[in-house]
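# Structural overview for review
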Amino acid sequence: MTVTDEVTTRPGAPPPAAGDGGQAGGGDAAAVRVVAALSGDLDGGFAVLYEAYRGPVFSTALRLCGRWAEAEDLSAEAFLRAYRALCGYGPERIAELRPRAWLLTILANVWRNGLRTAARKPPPGPLEDAPDPPDPAEGVEDAAARHETGRELAGLLAALPDAQRAAVVLRHVTDLPVAEIAEVLGVPEGTVKSHVSRGLARLRRLHDQGEGGIR
C-alpha cells in the first residue's frame, strides 16, 4: 500500500499490517547477490550494489527532502560514503552486511545531518520538482498526472515532523518492514509504529483540510 492509498483511505478503515515482512518489497531479494559480488571484487561488487539499490535509495531521498536536485545530492553522498566504508571492511563484515538497510541508514544519517544545518541556509524554493522517477514506457498523460500527484504528495510529506516523515516514507514509499525501519532509524519497533501511525493520521487531516491534498 502506498502513501497515496493510505491518505485517501476512509478514517475508520483499519491500518495495514506492519512489519510482517511478507508483502511485496518486504524482503531484500538482491542482498545475497550483492554480498557475493562485494566479496569477490569491491569495485565490481559496488557496481552491482549501486544498480540493485539506486532506485529505492533515490525514491526514499526524494520523499524525504521533496526536491529532485537535493535527492540526487543525498543519494550520491550516501553511495560515496558507502563506498568509502566498504574500503575498510574485511571479508567477515561484508559477509554479514544487510545492504539495503545499511545503505538506507547511511542515507537517513546524511539527510538528518543536512537538517541540522538547514537553518543557516536560505529557505528552499517551492516543492514543485518532486515527481516520481520517470518510467520510459509511461504515456505522456499518465506521466503528467503522476507528476502532479508526486508534487502534492511531496507537499503533504513536508508538513510532517522529521521522525514521522522518515518512518512513513520508509514504510509506505520504500516499503520496508517495521523491523528494518527500526534498524535504519535506530529506534525501537514500537516507536516506528507510533511514528507511522501519527504521520498517516496527520496526512489524512491535511488531505481532508485540502492543504495540498492528493486528488
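Residues numbered from 1 in each chain as written. Predicted model: local features only at pLDDT ≥ 70, side-chain atom pairs only at ≥ 80, totals over all residues. Heavy atoms only, no water.

## Remarks on the environment of Arg-63
Take Arg-63: it is sitting in helix α3 (residues 42-65). Classification of Arg-63 by relative accessible area gives buried; the value is 5%. Taking the C-alpha atoms as reference, Arg-63 lies 8.4 Å from Ala-158; in sequence the two are 95 residues apart. (Helix = DSSP H or I, 4+ residues; strand = E, 2+ residues; numbered from the N terminus. Buried < 20%, exposed > 50% of the residue type's maximum accessible area, 1.4 Å probe, protein only.)

## So, the confidence of the model for the protein
Any residue range with low pLDDT should be treated as having predicted coordinates unsuitable for detailed reading. Confidence in the prediction of the protein, expressed as mean pLDDT, is 79, and 70% of residues score 70 or more. Across residues 4-25 the pLDDT falls below 50, and counting only partners more than four positions away or on other chains, this stretch makes 30 contacts in the model. (pLDDT = per-residue confidence, 0-100. Contact = heavy atoms within 4.5 Å.)

## Details of the environment of Gln-164
Mapped onto the secondary structure, Gln-164 falls in helix α8 (residues 162-172). Relative accessible area serves as the criterion here: at 14%, Gln-164 is assigned to the buried category. Along the primary structure Gln-164 and Gly-199 are separated by 35 residues, whereas in three dimensions their C-alpha atoms are 5.0 Å apart. Those residues within four positions of Gln-164 in sequence are excluded, and the remaining contacts are His-195, Arg-198, Gly-199 and Arg-202.

## So, the pattern of salt bridges
Where charged atoms from two side chains of opposite charge come close, those side chains can pair. Summed over all chains, the structure comprises five salt bridges. For Arg-54, the salt bridge is made with Glu-51, and the minimal N-O distance between the two is 3.4 Å. Taken as a pair, Arg-54 and Glu-51 lie in helix α3 at a separation of three residues, close to a single helical turn. One salt bridge connects Arg-98 with Glu-183, and the closest N-O pair in it is separated by 2.5 Å. Taken together, the residues span a long stretch of sequence, with Arg-98 in the loop between α5 (91-95) and α6 (99-117) and Glu-183 in helix α9 (residues 178-185) at a distance of 85 residues. (Salt bridge = Lys/Arg side-chain N within 4 Å of Asp/Glu carboxyl O.)

## Some thoughts on helix α10 (residues 189-209)
Look at α10: 30 Å from first C-alpha to last across 21 residues, which is about the 30 Å you get at 1.5 Å a residue. Buried within α10 we find Val-192, Val-196, Gly-199, Leu-200, Leu-203, Arg-204 and Leu-206. The arc enclosing the buried residues of α10, seen along the axis, measures out at 165°, which places them on a common side. The exposed residues of α10 that point more than 90 degrees off its buried face are Arg-198, Asp-208 and Gln-209. Backbone geometry just downstream of α10 places Gly-210 in the positive-phi region, at approximately 80°. (Expected span 1.5 Å × (residues − 1). Arc of directions from axis to C-beta.)

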